[in-house]
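Chain by chain, the residues:
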Amino acid sequence: MNTRTTALLALVCVAVFAYLLFVVKPFGPPVVTEKPQKADKTLLDPKPEGTDRVEVSRRDGKSFVFVRDGKEDWKLDAPIQAPASKFEVDALVEAVTGMKVGEQFDKGDKRRPSEVVSGLDKPLGVMKLLKEGKLQAEVKIGSRVPTGKGNYVQLAGGDTIHISDADLSQHFTGKRIEDYRDKRVLKFEFADIQRVKVEGMQNYELVKADGDQWMIESPVRTPADKGKADGMVRPLTNLRADEFLDDEPASTKLYGLDSPRLRITVETRRTIPAKAQPGDPDTQPADTQPTVETKTYVLSVGGSADLQAKEGSFYAQVNDSPSVFTLRQDTLKSISPTLTDIRDKAIVRIEADRVRKVEATTPEGAMTLIGGEQGQWRFSDGTEADDALVNDLVKAIGDLKATDFVDPGKELLVLDWEKPRARYVLTQEGQLNPVTVLVGPASASGKMVYVRNPAQEGVAAVPEASVAGLLQPPVSYRDRSVLSFNKEDVVELRTYRTDMPFPPERVVKADGKWLMIEPVQGPADEDSVRNLIQDLASLPAKQVVSIGDKAKFGLDKPTVIVSVTLKAPGAAPAPTETPAAGPPATTPASLPASGPERDVAILKQLIEYQETNPEENPKATEMLKDMLAQKLASMPADAAAIPPAPKGKVYELHMTYRDNKVYGCLADGDVVYELDEKVYDDARVELYQQQVLKFDPADVIQLAFRSKGIGITVSKAGDQWKYLEDPMVQVDALKVTDVLNAFKDLKTYRYADFNATDLGKYGLAGDDVDRVSFSMKDGSRIEVLVSQMSPPTDQVKTSRYAMIAGDTKVFQLHPDQAGKFRQRVEDFQKK
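Figured I'd write up the structure that's included with this text.

Rules behind the numbers
Residues numbered from 1 in each chain as written. Predicted model: local features only at pLDDT ≥ 70, side-chain atom pairs only at ≥ 80, totals over all residues. Heavy atoms only, no water. Helix = DSSP H or I, 4+ residues; strand = E, 2+ residues; numbered from the N terminus. Buried < 20%, exposed > 50% of the residue type's maximum accessible area, 1.4 Å probe, protein only. Contact = heavy atoms within 4.5 Å. Areas by Shrake-Rupley, 256 points an atom, 1.4 Å probe, with all protein chains shown as cover. Pairing = 2+ DSSP bridges. Axes fitted to C-alpha atoms, helices over the stretch in contact; angles between N-to-C directions. Phe/Tyr/Trp six-rings, centres within 6.5 Å; stacked < 30°, edge-to-face > 60°. Salt bridge = Lys/Arg side-chain N within 4 Å of Asp/Glu carboxyl O. Lys, Arg positive; Asp, Glu negative; His and termini not counted. Polar contact = N/O pair within 3.5 Å; in protein donor to acceptor, adjacent residues only side chain to side chain. Arc of directions from axis to C-beta. Core = buried A, V, L, I, M, F, W, Y, C linked by side-chain atoms within 4.5 Å.

A count of helical and extended segments in the protein chain gives 17 helices and 46 strands. When the 831 residues of the protein chain are sorted by exposure, 42% land in the buried category. Considering only intrachain contacts with a sequence separation of at least 6, the fraction spanning at least 24 residues in the protein chain is 61%. When the accessible surface of the protein chain is summed, it comes to about 45,100 Å², and 51% of that surface belongs to carbon and sulfur atoms.

Right, here's the structure in full:
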């Protein structure tokens, strides 16, 4: 670069710097450029109020006229007359009357768009707002602003062009007449409905009854199911068309409406308040009185519209408009339930806790039950009833629900309601008219039963199980309490079984323990006695089956008899355990704390009972007297002054087992009960001590089994066991211990004889007897014999007779117990 060029560039730089410094002034305060402000205002100010007519004409040639129909609703007046959608018309009017505008262009403004750009020469739409025939405003809506979201708008007769804040195009393009139509074809208040008549595919008539209940007036007069009726009627109050098809049909025959498949007629009644109050100026007498307005709406549903409209639709029409529209199939289904669906399935309507009287005629007799406010029931003769069962009966009647309704004439049924199988009449507190239910015959299959409420027309079919309780005999509602006493008051228990080969078993309570005194003396089985007393102390029956006629249930010859003796009223309870030593008690009802005096007192009590009960065994009485004499001989003379404790009430229960059921009755009563099988089973359990073996396995030094010439003997030497018959066989000590543990607490479930003299009678004599013996380290030996014979009348099949050698008691063992008496060498051999 030469010197001349460098000088020229330097001059240019100086000139630029001078311009920036003195013209642009970069170091001076910033210059703020003013932006044009939008005029944020409402186009129509003030906003038109009370508009009752809106006329809209659009660029596409369509026009609509909306007029007020009342204070709130709109109606299409052109191009057709029909209810308009309040939401759509309100949105259209609000878009214009509430329009906010910003930038504006007055006449002569250089920025003012041309008519072609603004589109105001051929506006998207023109809206006229009128009130009582007078024009309130006329607004033209032009094209959208090219660079914004609003539209060019202009008031008719004005020169200024405004730009709206919002896009108005959607309101003036694309909207069809269907978009402005109100698709509600029926509109009335649910509370105003008085009657609904359904004809065609269903036929019945509903009328509004007391309150908000519904009654079916035809084809039968009966209550309707409120929920079902409401579910059918309520959709009619705002029934909406799916689609409008023809507003000026030349003929309804094309749509199947000349002979509709369904016609629903709704009658309404509305009370209109008075226009003025009495005394108001310029009023007529009629203006001060409310008026009643009645209207009738008819909906007709014709043929299927599947070929011309949406699938699953039907043509329909209402009486105040010629327009044909479609209804969806699900809508049609909801407004046309069957008569069976809409009927009240309840046979009667009662409040169970307010029922005070039940009068019944059943297949086995009549009864009248009187109830109290607390749910307590008695028969009319004062006999106590079972509160729970009667309350269940009342509830069962209130819960009766029809599965279907039948017309006896059409079904060829012969139902004689003058002679029903059962009749129940229920009287409720505060209700003058009682409620009646009649139970008729069963259906052909027996699965359903016909029932009827005489206050209603028609016959209902209900499941057989729901009326089973209504066919029970009156006796079944008697009090089911068989026995009730304090179990701690029991001082004696006696059981008798027909399969006993000996007298009844009798146990008494002494010193807190249960002792058997007949047919053998010894300790009783505490668990068996306790379980039986527990059963009897609070014994409810499953049901009462009869009054008298004991022979019918086998109770004239009971198979089990149980008697319970309680202590005398006022007597002190027997001690449950031996108290601490102390001075002897002096009150007659109490026992000495301990010592010989106590034994004498117990013996005297037992003897007193024996002598005051003629049925007692004289031998047992003599035995007790001998024991008392021996005891007194060793005591001071004043010990004889201790009196026996008095006895109290005796309960005796008879039972029998027949047809897989247990029946029972009290000996002094005539009521026959069905009882739980557990009571019968517990009454047949052995009351004598059931444990027949008791030893410590650690004390056994030899164990021997003998069965039909086969012998197995294992003997203990130190900690080892030896098989004596073959010392070469090694014995597993653990297996021996397992066998001993199986025998150490051997129990019987039944004694066959307490004093057996003929052992051959039980198969316990001869060689055909299984034996097991236990030799103890103290030199004692216990041997148990098991017969191959089974008791002929015992319910436990293949059980076996058994006894302890040297004893006279023969007892019975279950098969699994008897099987343990036949061991094999392998059962002891070490593997």
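Right, let's talk about the sheet that holds strand E18 (residues 313–318) for a bit. Overall, antiparallel pairing links the nine strands, which are arranged E14-E13-E12-E11-E16-E17-E18-E19-E15 in an open sheet. The open sheet terminates on both sides in strands that have one partner only, identified here as strand E14 (222–223) and strand E15 (243–246). Bridge count for strand E17 (residues 291–304) against E18 is four bridges, and the pairing is antiparallel. Note that in E18 the partner of Ser300 across the bridge is Gln317.

Another point: the sheet that holds strand E24 (residues 422–428). Sheet strands pair via backbone hydrogen bonds, and the direction of the pair is either parallel or antiparallel. One open sheet accounts for eight strands, arranged E22-E21-E20-E24-E25-E26-E27-E23; its pairing is antiparallel. Each edge of the open sheet is held by one strand with a lone partner, namely strand E22 (377–379) and strand E23 (404–406). Neighbour-to-neighbour, the strand axes of the sheet open up by a mean angle of 25°, direction not taken into account. Bridge count between strand E20 (residues 355–362) and strand E21 (residues 365–371): six bridges; the pairing is antiparallel. Pairing of Thr362 across the sheet is with Gly365, part of E21.

It is worth spelling out the packing of aromatic side chains at this point. Applying the stated rule across the entire model yields 20 aromatic pairs. Summarising the aromatic geometry, the rings of Phe244 and Phe325 are spaced 6.0 Å apart at their centres and angled 65° between planes, so their arrangement reads as edge-to-face. With Phe244 in strand E15 and Phe325 in strand E19 (residues 324–328), this residue pair connects regions lying 81 residues apart in the sequence. Assessed through its relative accessible area of 11%, Phe244 is described here as buried.

Below, the discussion takes up unusual backbone geometry. The phi angle of most residues is negative, glycine excepted, and most peptide bonds adopt the trans form. In this chain, Asp45 is followed by Pro46 through a cis amide linkage whose omega measures 10°. Residue position: Pro46 is located in the loop between strand E1 (41–42) and strand E2 (53–58). With omega at 5°, the peptide bond leading from Ala78 into Pro79 counts as cis. Within the secondary structure, Pro79 sits in the loop between strand E4 (73–78) and strand E5 (82–83). Even without a glycine there, the phi angle at Asp659 is positive, about 55°. Tracing the sequence through the fold places Asp659 in the loop between strand E36 (647–658) and strand E37 (661–666).

What follows concerns the pattern of salt bridges. Tallied over the entire structure, the rule returns 43 salt bridges. With a closest N to O distance of 3.5 Å, Glu783 and Arg771 form a salt bridge. Linking Glu783 in strand E44 (residues 781–786) with Arg771 in strand E43 (residues 770–776), this pair joins segments that are twelve residues apart in sequence. Judged by its relative accessible area of 16%, Glu783 falls in the buried class. Relative accessible area serves as the criterion here: at 26%, Arg771 is assigned to the partly exposed category. With its nearest N and O atoms 3.3 Å apart, the salt bridge here joins Asp827 to Arg824. For Asp827, a relative accessible area of 24% translates into the label partly exposed. A residue is classified by how much of its surface remains accessible, and Arg824, at 52% relative accessible area, is exposed.

So, about the side chain of Glu686. Inspection of the secondary structure puts Glu686 in the loop between helix H15 (677–683) and strand E39 (700–707). Among buried charged residues, Glu686 stands out as having no salt bridge; its nearest opposite-charge side chain is Arg497, 4.3 Å away. At 3.2 Å, the side chain of Glu686 forms a polar contact with the backbone nitrogen of Tyr688. Within polar-contact distance, the side chain of Glu686 engages the backbone nitrogen of Tyr751 at 3.0 Å. Glu686 has contacts with Arg497, Glu505, Met516, Asp525, Ser528, Tyr749, Arg750, Tyr751 and Phe754, leaving out every residue within four places of it along the chain.

As a further point, take helix H6 (residues 226–233). Within H6, burial applies to Ala229, Asp230, Met232 and Val233. Taken end-on, H6 shows its buried residues confined to a sector of 165°, consistent with a single buried face. As for H6, its buried residues are in contact with strand E11 (193–200), strand E12 (204–208), strand E13 (214–218), strand E16 (262–272), helix H7 (329–334) and helix H8 (339–342). Put simply, Asp225 is the residue that caps the front of H6, since its side-chain oxygen is 3.0 Å from the backbone nitrogen of Gly227.

Further remarks concern the nonpolar core. Formed by 69 residues in total, the largest nonpolar core has its most connected members in Leu536, Met655 and Phe774. Top element by residues in this core is helix H12 (residues 526–537). It accounts for five residues. In contact with Leu536, other than residues within four places in its own chain, are Leu483, Ser484, Phe485, Val562, Val564, Leu653 and Val679. Residues Ala229, Met232, Ile264 and Phe314 belong to the second largest nonpolar core, which totals 34 residues.

Its location among the elements puts Gly522 in strand E32 (residues 522–523). Gly522 sits in the buried class, given a relative accessible area of 17%. When the C-alpha positions of Gly522 and Tyr688 are compared, they lie 7.4 Å apart, and in sequence the two are 166 residues distant. Here Gly522 is in contact with Leu515, Met516 and Tyr688, once residues within four sequence places are set aside.

Okay, the environment of Val153 next. Residue placement: Val153 occurs in strand E9 (residues 151–155). Residues Val153 and Lys140 lie 13 residues apart in sequence; the distance between their C-alpha atoms is 5.6 Å. Each residue touching Val153, except ones within four places of it in the same chain, is listed here: Leu43, Met99, Val101, Leu120, Lys140, Ile141, Thr160, Ile161, His162, Ser164 and Leu168.

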